[in-house]
Structures are given as C-alpha cells and as structure tokens.
Amino acid sequence: MEMGKVVLVALALALVLGLAESFDLHEKDLASEESLWDLYERWRSHHTVSRDLNEKHKRFNVFKENVKHVHNFNKKDKPYKLKLNKFADMTNHEFKSSYAGSKVNHQRMFRGSSRGTGGFMHEKTDNLPPSVDWRKKGAVTSVKDQGQCGSCWAFSTIVAVEGINQIKTNKLVSLSEQELIDCDNTDNQGCNGGLMEYAFEFIKQNKGITTEQNYPYKAADGSCDAGKENSHAVMIDGHENVPANDENALKKAVANQPISVAIDAGGSDFQFYSEGVFTGDCGTELDHGVAIVGYGTTLDGTKYWIVKNSWGPEWGEKGYLRMERGISAEEGQCGIAMEASYPIKSSPNNTEGASLKDEL
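- As annotated in an unreviewed UniProt entry, the chain carries the name Vignain and is attributed to Tetracentron sinense.
- Its UniProt record gives the chain a comment under Sequence similarities (unreviewed entry), which states: "Belongs to the peptidase C1 family."

Laid out in structure tokens, this is it:
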C-alpha cells in the first residue's frame, strides 16, 4: 500500500475510533422523531446491535426514554455523568435481569450463615495510606465481560484471587471464571447467581483453580471439564469476611489486597454510569458481585472506592466505577460494606502449573 493511502487509512481509523470513543448526545438529537431514529441507528452501528424491523421499532421506544433520562440527568450538577452505553435499548427490568441478577440476599437467605475462618487478619492494620490502587501495583488483570450470564459472583471472586496471588508471587495470572461456573455447583448456580465466599471455599477444597487461557469464558452454563479443573495454576488457603457494615474495616482490607463485595446495582443511573464519583440513589438489595481494587479522595474532598466491574471496558470509566466512600449509612453506598470477603494465601509457595504464557 502506498504511503499516502496508509496515512488516509490511519486518519480514517483515528476518526472512527474518535467517534466511537465519544458518542456524545446533543440537544439536536432530541429535536424530532427523525433525529432520534438517526441517533438510534448510529448507536446500533457503534455497538454492532442487530435487530429485525419489528424488534427495532419496539427497541426504539425504549431507547427514546433512555435518551431522555441520560440527557436530562447530565444537565444536573451531579458528581457523576451518564452515557448511552451498550445497555441503551434495554429497559431497566431487562438490564437488572441480565446483568444485576445475582440476588445475593436471596442466595444468603436460602443458604444460611456465612462461612470463613471467623477472623479478620487485617484488623490491626494502621497508618493507612491516603490512597491505594492495586492496578498501579500490577495486581489487577484487564476488565472482563460477563455477558448476559449472572456470573458476576465468579468474576468478583477471581479478581480477589488474582490479586492476592500477584501480591504473594509477583506474577499476575488471569484465572478462569468458567471453571467456577461449570464446576462449583454444590453451593453456587452458574449463570443463575452465587456467592463469592462459597467460590473461595470451592477453590480451597479443589486445591486450586486453572487459568483463563486453559478454561476460557463462554458466558453460559456448561458441564465441568475435570481435566482442566485439575490443572491447578493458583491455590489459596481459605477466606475471611470483612466485619459487616464497617467501612473503616473495609478500608483496612483494601489497603492489603483487592476485596470481593456485593452491591445494589439495579438502578437506571447505574445502568448508564459513565464517569465521576457515583453518589446516586440505590438501596441495599444486593444483586451484583464486584471487587474493590483501591480507594482515594477527589480534589474537592469526596472519598471513593475504586470498583472493578465485569460489564466490559466500554461501561463506566473503562470498566471501572468510583463509588462514594465514607457515607453516613453503615452499610455504605449501595450496600458495599455488607458482604465483603477476601481469599487468604499464606505464602508464594502454594502455586503450581502457572507458566509465563498464562501471565498478562
């Protein structure tokens, strides 16, 4: 290819990527039914969403309402913004059913009291740093996408195990959520939800978990592949629970390692969250597993948690969100301090099978 054509292709690609990155919403887009339809077509093209004609008209009506919600919200003086992301033609009910459907409260109700050692090894941690970001310390893999499978509990678990393994071994190994979905079916229910602490218990009893490369993610329930299941890459010694409804205890834990938490993520503001510190209205109906990988404070003094989600890198702040920290409610923003837990790994020696090709 000639140099001129290479430059033109590069410029065109940069323009496309630039447009894709922003996908801004303007007042003129809401001017008429025609302009809204044009916006919908552009949104579908950007997110490669295919719909048949009847479905398109039905979805367009949902999309219109979501456009108005996002547009009107962003006019307000709030510390966070919304955007038309890949969930923009889903009703909030559909969104909750597909992406915030782990029903942690429901799982706990039917499965009894929590497990764990009963201790809290980070209790005596003091002189906490003003900010922590485990991403900068190399303990967090790239953002993953659970798809339309209620497997958030598996992703939350894996973030915490990947984190403590890197802290103890100095090796970042991407681990398999699919193994948990397929094989941890005594207590957890695959795409129908589960609890992170039961997944930690499974990994301990199973004497380890394999890599994502060895047992890749399918976004669907499957039968357990025993050969892959027994190819252990990382082992843990067990898990502990952070004292409930205590953000100070949670901060001590996060200062030492990434922590699995459950939140109420079913609100429409959460569905379309784009950037900033999330201070939106939400309850404590815990329905989604995520992981805290750090904390900090904005220049204006707003404290926040750095939360890794599993809805892909296009959602939120490149797949992450900052949630307000230190609010007056004991359970924390969206119940973030209610169900926190983490794996224990006593030494770097209890790993096997992890090779250089498995590292990120």
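### Digging into the pairing of strand β8 (residues 320–324)
When a strand is regular, its side chains alternate between the sheet's two faces.
Then, in step 1: Here strand β5 (residues 273–278) runs beside β8; their pairing, made up of two bridges, is parallel. Residue pairing across strands places Val277 opposite Arg322, the latter belonging to β8.

### Topic: the packing of helix α6 (residues 152–169) against helix α8 (residues 196–205)
Then, in step 1: Running from N to C, α6 and α8 point in directions that differ by 60 degrees, and their axes come no closer than 9 Å. By the angle class used here, α6 and α8 are oblique. For α6 against α8, the interelement crossing comes out right-handed. On the side of α6, the interface is formed by Trp153, Ser156, Thr157, Ala160 and Val161, while α8 contributes Met196, Ala199, Phe200 and Ile203.
Then, in step 2: Residues belonging to the contact of α6 with α8 are distributed by class as follows: seven nonpolar, two polar and no charged.

### A short note on the environment of Phe200
Then, in step 1: The residue Phe200 is located in helix α8 in this model.
Then, in step 2: When residues no more than four places from it in sequence are discounted, the contact partners of Phe200 are Thr157, Ala160, Val161, Ile236, His239, Ser260, Ser341, Tyr342 and Pro343.

### Observations concerning the pattern of salt bridges
Then, in step 1: For the coordinates displayed, the defined rule picks out 15 salt bridges.
Then, in step 2: Two residues, Asp38 and Arg42, come together in a salt bridge whose shortest N-O distance is 3.5 Å. A residue pair is termed a helical-turn pair when its members lie 3 or 4 positions apart in one helix, as Asp38 and Arg42 do in helix α2 (residues 33–46) at four residues.
Then, in step 3: What makes Asp38 partly exposed here is its relative accessible area of 42%.
Then, in step 4: When its relative accessible area of 34% is taken as the criterion, Arg42 is described as partly exposed.
Then, in step 5: Several salt bridges share partner residues, and in doing so they unite Lys144, Glu162, Glu177 and Glu212 into one network.

### Side note on unusual backbone geometry
Then, in step 1: The backbone phi angle of Lys207 is positive, close to 65 degrees, even though this residue is not glycine.
Then, in step 2: With respect to the helices and strands, Lys207 occurs in the loop between α8 and α9 (226–229).
Then, in step 3: The exposure class assigned to Lys207 is exposed, which follows from its relative accessible area of 53%.
Then, in step 4: One non-glycine residue with positive phi stands out, namely Asn245, at about 60 degrees.

### Concerning the state of the cysteines
Then, in step 1: Scanning the model with the defined rule gives three disulfides in all.
Then, in step 2: The disulfide partner of Cys149 is Cys191, and the S-S distance across this bridge is 2.0 Å. Disulfide Cys149-Cys191: the torsion about the S-S bond is -90 degrees, which places it as left-handed. Here Cys149, found in the loop between β2 (132–133) and α6, pairs with Cys191, found in the loop between α7 (177–183) and α8; they are 42 residues apart in sequence, far enough to count as distant.
Then, in step 3: The class for Cys191 is buried, based on a relative accessible area of 16%.
Then, in step 4: Cysteine pairing for the chain (bonded cysteines numbered in sequence order): 1-3, 2-4, 5-6.
Then, in step 5: Not engaged in a disulfide, the cysteine Cys152 finds its nearest cysteine sulfur in Cys149; these two sulfurs lie 8.9 Å apart.

### Describing the pairing of strand β6 (residues 288–297)
Then, in step 1: Counted residue by residue, β6 has nine buried out of ten residues, so it is predominantly covered.
Then, in step 2: As paired strands, β2 and β6 are joined by two bridges and run antiparallel to one another. Residue pairing for β6: Val132 is matched across the bridge by Tyr295.
Then, in step 3: Sheet topology places strand β4 (residues 259–263) next to β6; five bridges connect them, and they run antiparallel. Across the sheet, Val261 pairs through a bridge with Val290, a residue of β6.
Then, in step 4: In this sheet, strand β7 (residues 303–308) lies alongside β6 in antiparallel orientation, the contact comprising six bridges. By the bridge assignment for β7, Ile292 is matched with Val307.
Then, in step 5: Between the antiparallel neighbours β6 and β7 lie five residues, among them Gly301 with a positive phi of about 95 degrees.

Definitions and cut-offs
- Residues numbered from 1 in each chain as written.
- Predicted model: local features only at pLDDT ≥ 70, side-chain atom pairs only at ≥ 80, totals over all residues.
- Heavy atoms only, no water.
- UniProt positions renumbered as here; feature names shortened; annotations may be inferred.
- Pairing = 2+ DSSP bridges.
- Helix = DSSP H or I, 4+ residues; strand = E, 2+ residues; numbered from the N terminus.
- Axes fitted to C-alpha atoms, helices over the stretch in contact; angles between N-to-C directions.
- Parallel < 35°, antiparallel > 145°, perpendicular 65-115°, else oblique.
- Left-handed = near helix turned anticlockwise from the far one by under 90°.
- Contact = heavy atoms within 4.5 Å.
- Nonpolar A, V, L, I, M, F, W, Y, C, P; charged D, E, K, R; others polar.
- Salt bridge = Lys/Arg side-chain N within 4 Å of Asp/Glu carboxyl O.
- Buried < 20%, exposed > 50% of the residue type's maximum accessible area, 1.4 Å probe, protein only.
- Disulfide = S-S within 2.5 Å.

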